Amino acid sequence: MRLRNIPRAGSVLDACKEVVKNEADYRGRWPEIFGNPNPIHIEIGMGKGQFLLTLAGQNPDINYIGIERYSSVLLRAVEKFQTGDDCKDDTTADDCHARSSSYLAPDTDAHTVTAGRPPANIRFICMDARNVADVFAPGEIDRIYLNFSDPWPKSRHAARRLTSGEFLARYDKILADGGTIEFKTDNRGLFDFSTAEVHDSPFFQLDCCTYDLHHDAVMNPGNIMTEYEEKFSSLGNPICKLTARRKA
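Residues numbered from 1 in each chain as written. Predicted model: local features only at pLDDT ≥ 70, side-chain atom pairs only at ≥ 80, totals over all residues. Heavy atoms only, no water.

A look at the overall build of the protein chain
Check the secondary structure of the protein chain and you find 9 helices and 7 strands. The buried share of the protein chain, reckoned over its 248 residues, is 49%. Sequence separation of at least 24 residues holds for 76% of the intrachain contacts in the protein chain that already meet a minimum separation of 6. For the protein chain, the exposed area adds up to about 12200 Å²; of that, 50% sits on carbon and sulfur atoms. (Helix = DSSP H or I, 4+ residues; strand = E, 2+ residues; numbered from the N terminus. Buried < 20%, exposed > 50% of the residue type's maximum accessible area, 1.4 Å probe, protein only. Contact = heavy atoms within 4.5 Å. Areas by Shrake-Rupley, 256 points an atom, 1.4 Å probe, with all protein chains shown as cover.)

Here's what the structure looks like:
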């Protein structure tokens, strides 16, 4: 899918203080960015930001970093962070559907995210995920979220999948002992590939997985849906999820 260039993306991201520039300069120093020593969770491929913004609003004692490769995609997350408004002038009517109850997990105050001040415990980086080990020091990250990642369906592109052995080796370099990866997708082929990669990895062990998250009594409670998750589940697609833990 070709992404439409949004001319204002560069200037908006440059002006936003929560978008970290020269991110490699902060390797091993991310607590300085947040001004506290709280655990750091990152989402790689954050899209429009619904998932991470909700988490940040719910968990003020955890620091969150959203990573997105494309400036035009990150722009939408940053504008949502700044305004709480899903409906920007470059989105479609489908993008601007009314906020549903799935935006917030149960027992979450809607004002946490959609009104008042934006959460202070979130930052953004526009970068290629292949460079994560250049940006974060060993043990600096406690959790990685991968949501509805590009499946790269051609076998010759398998190494580009964010759950490939190559990427798992990168995550091993930045996760703390016992740190976790959480991965969700509606693509069964990608999910089967991912579980096999975790199983074969010398760095991770599979903690749990489900092939139908929304009907799983153990893994679904507290689940926060992404924009893609809302769309695909509304079409009747079962959502798969796995959690993998870094070996000590």
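Now that the structure has been shown, we can carry on.
Thoughts on the state of the cysteines
Throughout the structure, instances matching the rule amount to 0 disulfides. The thiol of Cys209 is not disulfide-bonded; the next cysteine sulfur, from Cys208, is found 7.5 Å away. For Cys209, a relative accessible area of 32% corresponds to the partly exposed category. (Disulfide = S-S within 2.5 Å.)

A look at the environment of Leu52
One can find Leu52 in helix α3 (residues 50-58). Separated by 11 residues in the primary sequence, Leu52 and His41 have C-alpha atoms spaced 9.5 Å apart. When neighbours within four sequence positions are excluded, Leu52 is seen to be in contact with Glu43, Met46, Tyr64, Ile65, Gly66 and Ile122.

Considerations on the nonpolar core
Ranked by internal contacts, the top residues of the largest apolar core, which has 35 residues, are Ile42, Ile44, Phe136, Ile144 and Tyr171. Residues in contact with Ile42, not counting those within four places in the same chain, are Ile65, Ile67, Phe136, Ile141, Arg143, Ile144, Tyr145 and Ile174. (Core = buried A, V, L, I, M, F, W, Y, C linked by side-chain atoms within 4.5 Å.)

Quick look at α3
Counting buried positions along α3 gives 8 out of 9 residues, so the element sits mostly inside the fold. All of the buried residues along α3 are Gln50, Phe51, Leu52, Leu53, Thr54, Leu55, Ala56 and Gly57.

Topic: the side chain of Glu68
Looking at the element boundaries, Glu68 is found in strand β2 (residues 63-68). Among buried Asp, Glu, Lys and Arg side chains, Glu68 stands out as unpaired, with Arg69 the closest opposite charge at 7.6 Å. Side-chain polar atoms of Glu68 contact the backbone nitrogen of Gly47, separated by 3.1 Å. Setting aside residues up to four positions removed in sequence, Glu68 forms contacts with Gly45, Met46, Gly47, Val73, Leu74, Ile125, Cys126 and Met127. (Lys, Arg positive; Asp, Glu negative; His and termini not counted. Salt bridge = Lys/Arg side-chain N within 4 Å of Asp/Glu carboxyl O. Polar contact = N/O pair within 3.5 Å; in protein donor to acceptor, adjacent residues only side chain to side chain.)

Overview of helix α4 (residues 71-83)
With 13 residues, α4 should cover 18 Å at 1.5 Å per step; its first-to-last C-alpha distance of 18 Å lies within 8% of that length. Structurally, α4 contributes buried residues whose contacts are with α1 (9-15), α3, β2, β3 (122-126) and α9 (227-234). (Expected span 1.5 Å × (residues − 1).)

Focus: the packing of aromatic side chains
If you walk through the whole model with that rule in mind, you get 9 aromatic pairs. Relative to Phe124, the ring of Phe81 lies with its centre 5.4 Å away and its plane at 70°, an arrangement referred to as edge-to-face. Of this pair, Phe81 sits in helix α4 while Phe124 sits in strand β3, and the two are 43 residues apart along the sequence. Here Phe81 and Phe124 have matching classes, each one buried. Ring geometry for Phe183 versus Phe191: centroids 6.3 Å apart, planes at 15°, classification stacked. The buried category is assigned to Phe191, whose relative accessible area is 0%. Taken together, the ring pairs connect Tyr26, Trp30 and Phe136 into an aromatic cluster. Cation over ring: Arg160 sits above Trp152, and NZ or CZ is 4.8 Å from the ring centre. Cation over ring: Arg161 sits above Phe193, and NZ or CZ is 4.5 Å from the ring centre. (Phe/Tyr/Trp six-rings, centres within 6.5 Å; stacked < 30°, edge-to-face > 60°. Lys NZ or Arg CZ within 6 Å of the ring centre and 35° of its normal.)

Notes on the environment of Glu166
By the element assignment, Glu166 lies in helix α7 (residues 165-174). Relative accessible area serves as the criterion here: at 43%, Glu166 is assigned to the partly exposed category. Taking the C-alpha atoms as reference points, Glu166 and Glu197, separated by 31 residues in sequence, lie 9.5 Å from one another.

Section: the pattern of salt bridges
Using the criterion set out here, one finds 13 salt bridges in the structure. Between Glu182 and Arg143 there is a salt bridge; the shortest N-O distance is 3.6 Å. A residue pair is termed long-range when its members are at least 10 positions apart, and Glu182 in strand β5 (residues 175-185) and Arg143 in strand β4 (residues 141-147) qualify at 39 residues. Each of Arg69, Asp128 and Arg130 takes part in salt bridges that share partners, so that together they form one network.

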